[in-house]
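One letter stands for each residue in the lines below.
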Amino acid sequence: MVDVLTRANLFSCCNPNQHGNGLSLLPKSCPASCSMRGFPVKLKSHALRLSSSLSTDFNGKRVVLRENKGFPGGGNSSKGSIKAQIGLIGKSQKWWVKGLQPNMREVDSAQDLVDSLLNAGDKLVVVDFFSPGCGGCKALHPKICQLAEMHPDVQFLQVNYEEHKSMCYSLNVHVLPFFRFYRGAHGRLCSFSCTNATIKKFKDALAKHTTDRCSLEPTKGLEEKELVALAANKDLSFNYTPKPQPTPAPAEVELPVPHVVTPHTISDLVLPLTSTTLKSGQDSKEKPLVASGR
């Protein structure tokens, strides 16, 4: 109890001087020992002990105490307090940033994704769709980083689903984690979803499409319908003009050949001649006369 009162009286009677390394509790003019409320106190020993404890480091950060002259009992009615300013501890690193290799980077827009695929040439590009809140994505990320380190010639592009939802909707990505492989003039090679348990699917696709190949045709990148869907999305700042499609030539219409009636000779016609009565000694019947060409 004596020690508590002694320290309280020490703060109230002495005028501390603030320095860069902390507070010096020794007054400018104060006897080595004085009597406070009937208790003899040796200020020098207590001040040295307190000043040494206040000037220590806290987890590598300097503790700075600010003086407030309104201590209770010091003649000032304002409330007194001592505020410790501790350096902010650095924020924890995001899990999708940990372990990134030089051939891995995050896409920041739809235009960036399109340009990255077009500028990749014949290099294999793996587009990784993930979400910060996806547990499967978080568990799979370290293995993807290991595979990226083993295949430095493969470009890995990360698409944050939470920041680019409109773009993912336009690309028909509705399940995570999701991967798409693109390469050169072939464009999209395959697309699938896998987890940490089915990582073999990813390894097999990586081994299949990393074989050496060269194409003389221009790089295709996203498919035509995907580009049109991105350009039609009003939430995206992406413009695309569809390539003009050649219009097919109109088919030749076959006109019906008119039927030409050939004139008949008189010998081919049946003439409606009037019947005459032919009398003969052998036959007395009436017979119609028919003209013939004979």
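Refer to the structure above for everything that follows.
Just so it is clear, the model here is predicted, and its values are computed rather than measured.

Caption draft 1: Summary view of the pairing of strand β13 (residues 187–193). Of the strand pairs in this sheet, strand β12 (residues 178–183) and β13 are connected by six bridges, and their pairing is antiparallel. Among the inter-strand pairings, Arg 180 is bridged to a residue of β13, identified as Ser 191. Counted between consecutive antiparallel strands, the loop separating β12 from β13 contains three residues, among which Gly 184 sits at a positive phi close to 45°.

Caption draft 2: Representation of the packing of helix α4 (residues 135–150) against helix α6 (residues 199–209) in the model. Two elements in contact, α4 and α6, have axes whose closest approach is 12 Å; the angle formed by their N-to-C orientations is 20°. Between α4 and α6, the interaxial angle falls into the category roughly parallel. Here α4 runs over α6; the crossing is right-handed. The segment α4 lies against α6, with Leu 140, Lys 143, Ile 144 and Leu 147 engaging Ile 199, Phe 202, Lys 203 and Leu 206.

Caption draft 3: Structural context of empty space enclosed by the protein. As enumerated under the stated definition, the model contains four cavities of 30 Å³ or more in all. As a volume, the largest cavity reaches approximately 50 Å³. Together, Trp 95, Asp 128, Phe 130, Cys 137, Leu 140, His 141, Ile 144, Gln 158, Pro 177 and Phe 179 line the largest cavity. Those elements giving two or more residues to the lining of the largest cavity turn out to be β10 (124–130) and α4. By residue class, the composition of the lining of the largest cavity is seven nonpolar, two polar and one charged.

Caption draft 4: Inspection of the sheet that holds β10 at higher detail. Spatial ordering of the open sheet is given by β9-β11-β10-β12-β13, a layout of five strands whose pairing is mixed. The open sheet terminates on both sides in strands that have one partner only, identified here as β9 (104–106) and β13. The mean inter-strand angle of the sheet, taken between neighbouring strand axes irrespective of direction, is 20°. When β10 meets strand β11 (residues 155–160), the two strands line up parallel, connected through six bridges. In the sheet register, Val 127 faces β11, and the bridge partner there is Leu 157. Along the sheet, α6 makes contact with β10, β11, β12 and β13, crossing β13 at roughly 165°.

Caption draft 5: Seen up close, the pairing of β12. Within β12, six of the six residues are buried, which leaves it mostly tucked inside the rest of the structure. A two-sided burial pattern is seen for β12, the buried positions comprising Phe 178, Arg 180 and Tyr 182 on one face and Phe 179, Phe 181 and Arg 183 on the other. For β10 and β12, the ladder comprises six bridges, and the chain directions are antiparallel. Of the residues in β12, the one forming a bridge with Asp 128 is Phe 179.

Caption draft 6: Summary view of the pattern of salt bridges. One pass over the full model with this rule turns up six salt bridges. Residue Arg 180 is joined to Glu 226 by a salt bridge in which the shortest nitrogen-to-oxygen separation is 3.3 Å. In this pair, Arg 180 sits in strand β12 while Glu 226 sits in helix α7 (residues 224–232), placing the two residues 46 residues apart along the sequence. Looking at Arg 180, the relative accessible area reads 5%, which means it is buried. A salt bridge links Arg 188 to Glu 226; the nearest nitrogen and oxygen atoms lie 3.0 Å apart. Taken together, the residues span a long stretch of sequence, with Arg 188 in strand β13 and Glu 226 in helix α7 at a distance of 38 residues. Classification of Arg 188 as partly exposed rests on a relative accessible area of 25%. Among the charged side chains, a salt-bridge network with shared partners connects Arg 180, Arg 188, Glu 223 and Glu 226.

Analysis parameters
- Residues numbered from 1 in each chain as written.
- Predicted model: local features only at pLDDT ≥ 70, side-chain atom pairs only at ≥ 80, totals over all residues.
- Heavy atoms only, no water.
- Pairing = 2+ DSSP bridges.
- Helix = DSSP H or I, 4+ residues; strand = E, 2+ residues; numbered from the N terminus.
- Axes fitted to C-alpha atoms, helices over the stretch in contact; angles between N-to-C directions.
- Parallel < 35°, antiparallel > 145°, perpendicular 65-115°, else oblique.
- Left-handed = near helix turned anticlockwise from the far one by under 90°.
- Contact = heavy atoms within 4.5 Å.
- 1 Å grid on protein atoms, 1.4 Å probe; cavity = no way out; pocket = protein on both sides within 12 Å on 5 of 7 lines; lining within 4 Å.
- Points joined across faces, edges and corners; volume = space filled by probe spheres on them.
- Nonpolar A, V, L, I, M, F, W, Y, C, P; charged D, E, K, R; others polar.
- Buried < 20%, exposed > 50% of the residue type's maximum accessible area, 1.4 Å probe, protein only.
- Salt bridge = Lys/Arg side-chain N within 4 Å of Asp/Glu carboxyl O.

Purely geometric stuff here, so don't read any function into it on its own.
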